Amino acid sequence: MGMNPFELKPKNIEETYVDIKNLSSKPYNKNSTDPYTKLRVILANGAEFEQVWFGHQLSRRTSDNELRRQVAAIRRSEQQQQKRISSLKPINESILEHTIGYEMLAVDLTIALAKHEENEVVQKALNFALLEDFDHLYRYANLLEEDKGIKAEKLVGKYVEIMPGRPTISEHRHPHDDIRNHITDKDSLLTKLNVGIITAAEQQTMNYYMNNAIFYDNEMGRKLYSEIAMIEEQHVTQYGGLMNTKTTWLECLLMHEYTECYLYYSNYETETDERIKALWEELFEQEVAHLHKAANLLQEYDNKQWEQIIPDGTFPELLKLTPDKEYLRGVIKDSVYLTADKEDYIEAKRLGEDSDFYKFQQIFIKKDADVPSHKVIKNHIAQKGEDYRYQKGEHPTDELNDRKEDNTSVGRITGISDKNND
Ligand SMILES: [Fe+2]
Ligand SMILES: [Fe+2]
Ligand SMILES: [Fe+2]
Ligand SMILES: [Fe+2]
């Protein structure tokens, strides 16, 4: 029998509050902790950010003070959870090392969700952005070796390969090409969870880069963060665009709490670090309290039962991060040349000069040589004779196999790079 959090007996909200001494957690050891434990920490932190901001937006969209008090009470608990999770990151883990975790999460989480996704629109969106975050991982890994002499394979625990995906230079699309068709209440519970989870994760990455770009200790790094932050804006637009637009604020609150329950329970079931596993369990119990509270508010203010939103509260198959290098190689083979064209995907070389993609690339990229994600690789090659990679065998795409020259044409319109030749 699966777990149904609606069937558990909830604590009341005040019972979920901790005292100030317990607001921070003992950090993990960055050298001995499994990379997937670090990824779960990043993901849970992102889910709490989303939840806190959603709560604020809800509160600003209603004039009922009693409802606003109830939502503030839940939100206080979410804020405490976020502090306990984010303080797990140790002081000696740099922003850039942590960033490797962000992009690794974007890769392995996306694979985990895409593999079991039944909605074709959602699955295509996942596979599409997957190759872009995979490329970000490679660019940051080169910066890491260049600046700090650290090989990123140590940080990713050899779970993922590090090599070019769709080159970041090719990812700069017109904003019109990031909108996707949204899901509906007919979609499966797993699809709804997947969309909520990936949106929170990508949004967390976007926020992280928005805040941290300027703290990097050299210009090259600051510019690389800023460039990649622009792509995360595109990813958040894509994923946020998949969300069901036909729900009320309180239905949405219920779904948010349910998603948090599902995430913490998945974390609890898959965690290998005993101490952190106990934290996931405790936070799961708190989420059950939030969920029941949200169900009560839905009944009181919308006059709806939770079963009308989530007919079967039993968790679908849990989220499990596992290495899958072959899946990724398959997606590279199938789709590295694609760009987006409104809601669809198309090989970039099939687009003409009248396309939005071409238009935006012309506005944004005056010279390939100025693009930080390209420069970071050129610098690395100039310094060490080749780029940094952690690769098991040849790259699946011939054009991306050359370690002595950074490719700027895959997934792009050839005319642009010819015109703006560096
Ligand atoms: Fe939470
Ligand atoms: Fe990324
Ligand atoms: Fe992303
Ligand atoms: Fe919650």
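Above this text you will find the structure in question.
Reading the values: the criteria
- Residues numbered from 1 in each chain as written.
- Chains lettered and ligands numbered in written order.
- Predicted model: local features only at pLDDT ≥ 70, side-chain atom pairs only at ≥ 80, totals over all residues.
- Helix = DSSP H or I, 4+ residues; strand = E, 2+ residues; numbered from the N terminus.
- Rg over C-alpha atoms; globule rule 2.2 N^0.38 Å.
- Buried ≥ 20, exposed ≤ 12 C-beta atoms within 10 Å, placed from the backbone.
- Contact = placed C-beta atoms within 7 Å.
- Expected span 1.5 Å × (residues − 1).
- Arc of directions from axis to C-beta.
- Core = buried A, V, L, I, M, F, W, Y, C linked by C-beta atoms within 7 Å.
- Axes fitted to C-alpha atoms, helices over the stretch in contact; angles between N-to-C directions.
- Parallel < 35°, antiparallel > 145°, perpendicular 65-115°, else oblique.
- Left-handed = near helix turned anticlockwise from the far one by under 90°.
- Nonpolar A, V, L, I, M, F, W, Y, C, P; charged D, E, K, R; others polar.
- Pairing = 2+ DSSP bridges.

Engineer: Tell me about the overall build of the protein chain, and name the residues and values.
Structural biologist: When its secondary structure is counted, the protein chain shows 15 helices and two strands. For the protein chain, the C-alpha radius of gyration of 22 Å lies close to 22 Å, the compact-globule estimate for 422 residues. Each principal axis of the C-alpha distribution contributes one length, and for the protein chain these read about 65 × 45 × 40 Å. Relative to its 422 residues, the protein chain shows a buried fraction of 47%. Sequence-distant contacts in the protein chain: of pairs separated by 6 or more residues, those separated by 24 or more amount to 82%.

Engineer: So what's going on with helix H5 (residues 120–148)? Residues and values would help.
Structural biologist: In this model, H5 (29 residues) spans 41 Å end to end at C-alpha, consistent with the 42 Å of a helix rising 1.5 Å per residue. Extensive coverage of H5 is indicated by the burial of 22 of its 29 residues. Looking one or two residues beyond H5, the residue adopting positive phi is Gly 149, at roughly 70 degrees.

Engineer: Lay out the environment of Gly 241 with the relevant residues and their values.
Structural biologist: In this fold, Gly 241 is placed in the loop between helix H8 (219–240) and helix H9 (249–270). With 17 C-beta atoms counted inside 10 Å, the residue Gly 241 sits in the partly exposed group. Residues Gly 241 and Arg 180 lie 61 residues apart in sequence; the distance between their C-alpha atoms is 5.6 Å. When neighbours within four sequence positions are excluded, Gly 241 is seen to be in contact with Ile 179, Arg 180 and His 182.

Engineer: Got a sec to walk through helix H12 (residues 325–335)? Specific residues and values, please.
Structural biologist: Taken together, the buried positions of H12 are occupied by Leu 328, Val 331 and Ile 332. Projected onto a plane normal to the axis of H12, the buried residues spread over an arc of 105 degrees and lie on a single side. Pointing more than 90 degrees away from the buried face of H12 are the exposed residues Glu 326, Lys 333 and Asp 334. Of the surrounding elements, those touching the buried residues of H12 are helix H4 (95–115) and H5.

Engineer: Tell me about the nonpolar core, and please be specific about residues and values.
Structural biologist: Counting 102 residues, the largest nonpolar core has Leu 130 and Leu 254 as the members making the most contacts within it. Per-element tally for this core: the top contributor is H5, with 14 residues. Leu 254 has contacts with Ala 294, Ala 295, Leu 298, Trp 306 and Ile 309, leaving out every residue within four places of it along the chain.

Engineer: Now, about the environment of Met 206: what can you tell me, with residues and values included?
Structural biologist: Tracing the chain through its elements places Met 206 in helix H7 (residues 189–212). Sequence-distant contacts of Met 206, defined by excluding residues within four places in its chain, comprise Ala 229, Glu 232, Glu 233 and Val 236.

Engineer: Can you lay out the packing of H4 against H7 for me, pointing to particular residues and giving the numbers?
Structural biologist: The interhelical angle for the contact between H4 and H7, taken along N-to-C directions, is 160 degrees, at an axis separation of 11 Å. Between H4 and H7, the interaxial angle falls into the category roughly antiparallel. As H4 runs across H7, the sense of the crossing is left-handed. Contacts between H4 and H7 involve Ile 95, Tyr 102, Leu 105, Ala 106, Leu 109, Thr 110 and Leu 113 on the former and, on the latter, Asn 194, Ile 197, Ile 198, Ala 201, Glu 202, Thr 205, Tyr 208 and Asn 212. Grouping the amino acids of the contact of H4 with H7 by side-chain chemistry returns 10 nonpolar, four polar and one charged.

Engineer: Explain the pairing of strand S2 (residues 344–347) to me, and be specific about the residues and the numbers.
Structural biologist: Looking at chain direction, strand S1 (residues 338–341) and S2 are connected through four bridges and run antiparallel. Its bridge partner lying in S2, Leu 338 is registered against Glu 347. Hairpin connection between S1 and S2: a loop of two residues separates the two successive antiparallel strands, and Lys 342 in this loop has a positive phi of roughly 55 degrees.

Engineer: Describe the packing of H8 against helix H14 (residues 372–384), with residues and values.
Structural biologist: Two numbers describe how H8 lies on H14: the axes approach to 8 Å, and their chain directions differ by 140 degrees. Taken as axis vectors, H8 and H14 run oblique relative to one another. Residues Met 220, Lys 223, Leu 224, Glu 227 and Ile 228 of H8 pack against Pro 372, Ser 373, Lys 375 and Val 376 of H14. Residue composition of the contact of H8 with H14, by class: five nonpolar, one polar and three charged.

Engineer: Can you break down unusual backbone geometry residue by residue, with the values?
Structural biologist: Phi at Lys 158 takes a positive value of approximately 60 degrees, unusual for a residue other than glycine. By secondary structure assignment, the location of Lys 158 is in the loop between helix H6 (152–155) and H7. Owing to 14 C-beta atoms within 10 Å, Lys 158 belongs among the partly exposed residues under this scheme. Phi is positive for Lys 342, close to 55 degrees, though the residue is something other than glycine. Within the secondary structure layout, Lys 342 lies in the loop between S1 and S2. With 13 C-beta atoms packed within 10 Å, Lys 342 lands in the partly exposed category.

Engineer: I'd love a proper account of the environment of Leu 88, names of residues and values included.
Structural biologist: Its location among the elements puts Leu 88 in the loop between helix H3 (65–86) and H4. Here the alpha-carbon distance between Leu 88 and Asn 181, two residues 93 residues apart in the chain, equals 37 Å. Residues within four places of Leu 88 in sequence aside, it is in contact with Ser 25, Pro 27, Tyr 28 and Val 41.

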